[in-house]
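# Fold and geometry: a report
The primary structure of each chain is shown beneath.
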Amino acid sequence: MICALMNNSDRVKIACQALLINEGGLINVQEGGSSIKQGTFLLFRELIKHGNGSALYTRIESAKAESNKYGDVPIVYGSAIYNQKDKKVTFFLLNYSMDDDVKVDINLQSFGKLLPIEHAILEGNDLFAGNTYDEPEKIILKKTSIDFSNDSNFHFILPKLSWNMIQFSHLN
(Lines give C-alpha, C1' and ligand atoms only; values in the text may rest on other atoms or scores of the structure.)
Protein backbone atom coordinates (compact mmCIF):
# COMPACT_ATOMS: atom_id res chain seq x y z
CA MET A 1 0.00 0.00 0.00
CA ILE A 2 2.84 2.39 0.78
CA CYS A 3 4.26 2.06 -2.74
CA ALA A 4 0.82 2.61 -4.27
CA LEU A 5 0.43 5.83 -2.28
CA MET A 6 3.82 7.12 -3.41
CA ASN A 7 3.20 6.13 -7.02
CA ASN A 8 -0.04 8.14 -6.92
CA SER A 9 1.25 11.07 -4.88
CA ASP A 10 0.18 13.49 -7.60
CA ARG A 11 -3.42 12.62 -6.62
CA VAL A 12 -3.20 11.40 -2.99
CA LYS A 13 -2.59 14.35 -0.71
CA ILE A 14 -2.76 12.65 2.70
CA ALA A 15 -2.60 9.10 4.02
CA CYS A 16 -2.79 7.83 7.56
CA GLN A 17 -2.45 4.74 9.71
CA ALA A 18 -5.73 4.34 11.59
CA LEU A 19 -4.68 1.70 14.11
CA LEU A 20 -1.67 2.88 16.08
CA ILE A 21 -1.83 0.90 19.31
CA ASN A 22 -2.89 -2.60 20.33
CA GLU A 23 -5.44 -4.57 18.26
CA GLY A 24 -3.96 -4.68 14.77
CA GLY A 25 -1.81 -1.63 15.36
CA LEU A 26 1.81 -0.71 14.81
CA ILE A 27 2.63 -0.94 18.52
CA ASN A 28 1.28 -3.28 21.21
CA VAL A 29 1.29 -2.17 24.84
CA GLN A 30 0.76 -4.18 28.04
CA GLU A 31 -1.00 -2.32 30.82
CA GLY A 32 1.71 -1.36 33.28
CA GLY A 33 4.23 -3.25 31.19
CA SER A 34 6.30 -3.16 28.07
CA SER A 35 5.58 -2.41 24.44
CA ILE A 36 6.46 -4.15 21.20
CA LYS A 37 6.72 -2.83 17.66
CA GLN A 38 5.13 -4.81 14.83
CA GLY A 39 6.55 -5.24 11.33
CA THR A 40 4.33 -2.50 9.93
CA PHE A 41 5.89 -0.06 12.40
CA LEU A 42 9.31 -0.85 10.92
CA LEU A 43 8.06 -0.13 7.39
CA PHE A 44 6.43 3.17 8.37
CA ARG A 45 9.57 4.22 10.24
CA GLU A 46 11.71 3.63 7.14
CA LEU A 47 9.21 5.43 4.94
CA ILE A 48 9.17 8.47 7.23
CA LYS A 49 12.96 8.44 7.47
CA HIS A 50 13.78 7.87 3.78
CA GLY A 51 10.61 8.61 1.79
CA ASN A 52 10.89 12.40 1.59
CA GLY A 53 11.21 14.09 -1.77
CA SER A 54 9.70 13.75 -5.22
CA ALA A 55 8.09 10.52 -6.39
CA LEU A 56 9.74 9.17 -9.53
CA TYR A 57 8.16 7.25 -12.36
CA THR A 58 9.47 3.73 -11.88
CA ARG A 59 9.34 1.20 -14.71
CA ILE A 60 9.51 -2.31 -13.33
CA GLU A 61 9.59 -5.38 -15.54
CA SER A 62 9.16 -8.65 -13.68
CA ALA A 63 7.82 -12.16 -13.94
CA LYS A 64 4.13 -12.57 -13.19
CA ALA A 65 2.16 -14.81 -10.88
CA GLU A 66 -1.48 -15.82 -11.17
CA SER A 67 -3.85 -14.43 -8.58
CA ASN A 68 -7.40 -15.60 -7.94
CA LYS A 69 -8.85 -12.10 -8.08
CA TYR A 70 -6.69 -10.07 -10.50
CA GLY A 71 -5.33 -12.59 -13.00
CA ASP A 72 -1.59 -12.36 -13.75
CA VAL A 73 0.16 -9.76 -11.58
CA PRO A 74 3.83 -8.73 -11.37
CA ILE A 75 5.76 -10.35 -8.52
CA VAL A 76 7.88 -7.21 -8.02
CA TYR A 77 6.23 -3.90 -7.19
CA GLY A 78 7.83 -0.71 -6.02
CA SER A 79 8.30 3.02 -5.94
CA ALA A 80 11.18 5.48 -5.91
CA ILE A 81 11.79 8.84 -4.29
CA TYR A 82 14.39 11.49 -5.15
CA ASN A 83 15.39 13.77 -2.28
CA GLN A 84 17.04 16.74 -3.98
CA LYS A 85 18.10 18.36 -0.70
CA ASP A 86 19.97 15.28 0.55
CA LYS A 87 20.91 14.14 -3.00
CA LYS A 88 19.53 10.63 -2.40
CA VAL A 89 17.45 8.20 -4.44
CA THR A 90 15.47 5.65 -2.43
CA PHE A 91 13.62 2.58 -3.73
CA PHE A 92 10.92 0.72 -1.85
CA LEU A 93 10.53 -2.70 -3.50
CA LEU A 94 8.31 -5.69 -2.75
CA ASN A 95 8.90 -9.26 -3.90
CA TYR A 96 5.54 -11.02 -3.77
CA SER A 97 6.90 -14.36 -4.96
CA MET A 98 6.18 -17.15 -2.49
CA ASP A 99 8.84 -19.36 -4.05
CA ASP A 100 11.71 -17.40 -5.55
CA ASP A 101 14.24 -14.70 -4.77
CA VAL A 102 14.33 -12.14 -7.57
CA LYS A 103 17.35 -10.43 -9.09
CA VAL A 104 16.70 -6.73 -9.67
CA ASP A 105 18.73 -4.52 -11.98
CA ILE A 106 18.49 -0.79 -11.31
CA ASN A 107 19.73 1.67 -13.92
CA LEU A 108 20.36 5.15 -12.54
CA GLN A 109 22.48 6.65 -15.34
CA SER A 110 20.40 9.85 -15.47
CA PHE A 111 21.44 10.68 -11.88
CA GLY A 112 25.18 10.68 -12.52
CA LYS A 113 27.57 8.94 -10.13
CA LEU A 114 25.71 7.31 -7.25
CA LEU A 115 26.85 5.11 -4.40
CA PRO A 116 24.51 2.51 -2.87
CA ILE A 117 24.49 3.21 0.86
CA GLU A 118 21.81 1.01 2.41
CA HIS A 119 19.70 -2.08 1.74
CA ALA A 120 17.18 -2.90 4.48
CA ILE A 121 15.03 -6.05 4.22
CA LEU A 122 11.94 -7.29 6.00
CA GLU A 123 11.36 -10.90 5.06
CA GLY A 124 9.89 -14.16 6.27
CA ASN A 125 7.92 -17.19 5.19
CA ASP A 126 5.21 -16.86 7.85
CA LEU A 127 2.82 -14.23 6.51
CA PHE A 128 1.00 -14.12 9.86
CA ALA A 129 4.10 -13.77 12.05
CA GLY A 130 4.21 -10.97 14.57
CA ASN A 131 6.32 -9.80 17.44
CA THR A 132 5.17 -10.98 20.86
CA TYR A 133 6.13 -10.10 24.41
CA ASP A 134 8.03 -13.42 24.54
CA GLU A 135 9.68 -12.77 21.16
CA PRO A 136 9.79 -8.96 20.76
CA GLU A 137 12.28 -9.16 17.87
CA LYS A 138 10.86 -12.05 15.89
CA ILE A 139 10.30 -9.61 13.02
CA ILE A 140 13.21 -7.27 12.44
CA LEU A 141 14.53 -5.12 9.64
CA LYS A 142 17.82 -6.58 8.44
CA LYS A 143 20.58 -4.52 6.88
CA THR A 144 22.61 -6.27 4.20
CA SER A 145 25.88 -5.48 2.49
CA ILE A 146 25.81 -4.01 -0.99
CA ASP A 147 28.12 -5.17 -3.77
CA PHE A 148 28.42 -2.77 -6.67
CA SER A 149 30.57 -1.68 -9.56
CA ASN A 150 31.42 1.92 -10.35
CA ASP A 151 28.85 2.28 -13.11
CA SER A 152 25.20 3.33 -13.03
CA ASN A 153 23.78 -0.20 -13.15
CA PHE A 154 23.21 -1.87 -9.81
CA HIS A 155 22.12 -5.44 -9.08
CA PHE A 156 20.27 -6.64 -6.00
CA ILE A 157 18.59 -9.80 -4.82
CA LEU A 158 15.14 -9.38 -3.32
CA PRO A 159 14.40 -12.40 -1.09
CA LYS A 160 11.07 -14.13 -1.62
CA LEU A 161 8.18 -12.54 0.31
CA SER A 162 10.17 -9.43 1.18
CA TRP A 163 9.93 -5.67 1.53
CA ASN A 164 13.14 -3.82 0.61
CA MET A 165 14.43 -0.30 1.00
CA ILE A 166 17.47 0.46 -1.16
CA GLN A 167 19.08 3.88 -0.96
CA PHE A 168 21.69 5.62 -3.12
CA SER A 169 23.60 8.85 -2.56
CA HIS A 170 25.39 11.17 -4.98
CA LEU A 171 29.17 11.00 -4.88
CA ASN A 172 30.58 14.39 -3.95
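Residues numbered from 1 in each chain as written. Predicted model: local features only at pLDDT ≥ 70, side-chain atom pairs only at ≥ 80, totals over all residues. Heavy atoms only, no water.

Moving on, we get to the overall build of the protein. Looking only at helices and strands, the protein has two helices and 12 strands in total. The linear arrangement of helices and strands in the protein, starting from the amino end, is α-β-β-α-β-β-β-β-β-β-β-β-β-β. Considering the protein as a whole, with its 172 residues, one finds that 36% of them fall into the buried category. Sequence-distant contacts, at least 24 apart, represent 65% of the contacts inside the protein between residues at least 6 apart. Within the structure as shown, the protein displays about 11200 Å² of accessible surface, and the carbon and sulfur contribution to it stands at 52%. (Helix = DSSP H or I, 4+ residues; strand = E, 2+ residues; numbered from the N terminus. Buried < 20%, exposed > 50% of the residue type's maximum accessible area, 1.4 Å probe, protein only. Contact = heavy atoms within 4.5 Å. Areas by Shrake-Rupley, 256 points an atom, 1.4 Å probe, with all protein chains shown as cover.)

Working definition: the strands of a sheet are paired by backbone hydrogen bonds and lie parallel or antiparallel to each other. If you trace the six strands from one edge of the open sheet to the other, you get 3-6-7-12-9-10, paired in antiparallel fashion. Each edge of the open sheet is held by one strand with a lone partner, namely strand 3 (54-56) and strand 10 (142-143). When strand 6 (residues 76-83) meets strand 7 (residues 88-95), the two strands line up antiparallel, connected through eight bridges. Its bridge partner lying in strand 7, Ser-79 is registered against Phe-92. (Pairing = 2+ DSSP bridges.)

Across all of its chains, the model carries five salt bridges by this definition. Salt-bridge contacts for Glu-118 lead to Lys-143; the nearest nitrogen and oxygen are separated by 2.2 Å. Of the two residues, Glu-118 is situated in strand 9 (residues 114-123) and Lys-143 in strand 10; the sequence distance between them amounts to 25 residues. A salt bridge links Glu-123 to Lys-142; the nearest nitrogen and oxygen atoms lie 3.5 Å apart. With Glu-123 in strand 9 and Lys-142 in strand 10, this residue pair connects regions lying 19 residues apart in the sequence. A relative accessible area of 37% means that Lys-142 is categorised as partly exposed. (Salt bridge = Lys/Arg side-chain N within 4 Å of Asp/Glu carboxyl O.)

Time to look at the confidence of the model for the protein. Per-chain confidence: the protein averages 84 in pLDDT, with 83% of residues scoring 70 or above. Averaged pLDDT values over the elements of the protein bottom out at 57 in helix 1 (residues 2-7) and peak at 94 in strand 7. (pLDDT = per-residue confidence, 0-100.)

Glancing now at the nonpolar core. Across soluble globular proteins, nonpolar side chains show a tendency to be buried alongside one another. One finds Phe-91, Ile-106, Leu-108, Ile-166 and Phe-168 to be the most contacted residues of the largest nonpolar core, which totals 18 residues. Of all the secondary-structure elements, those providing two or more residues to this core are strand 6, strand 7, strand 8 (102-107), strand 11 (153-158) and strand 12 (162-170). Setting aside chain neighbours within four positions, we find Phe-168 in contact with Lys-87, Lys-88, Val-89, Phe-91, Ile-106, Leu-108, Leu-114, Leu-115, Pro-116, Ile-117, Phe-154 and Phe-156. (Core = buried A, V, L, I, M, F, W, Y, C linked by side-chain atoms within 4.5 Å.)

Looking at Glu-118, the relative accessible area reads 16%, which means it is buried. With residues near it in sequence (within four places) discarded, Glu-118 still touches Glu-46, His-50, Lys-143, Ile-146, Met-165, Ile-166 and Gln-167.

Taken together, the side chains of Met-98, Leu-127 and Phe-128 present a nonpolar region at the surface, about 420 Å² in accessible area. Structurally, Met-98 can be placed in the loop between strand 7 and strand 8. (Patch = residues over 30% accessible without salt bridge, like charges linked within 9 Å, V, L, I, M, F, W, Y side chains within 5 Å.)

With the rule as written, the count across this model stands at five aromatic pairs. Look at Phe-156 and Phe-168: their rings are 5.9 Å apart centre to centre, the planes differ by 80°, and that puts the pair in the edge-to-face class. Linking Phe-156 in strand 11 with Phe-168 in strand 12, this pair joins segments that are 12 residues apart in sequence. Its relative accessible area of 5% is what places Phe-156 among the buried residues. Feature note: the residues Phe-91, Phe-154, Phe-156 and Phe-168 constitute an aromatic cluster, connected by ring pairs. (Phe/Tyr/Trp six-rings, centres within 6.5 Å; stacked < 30°, edge-to-face > 60°.)

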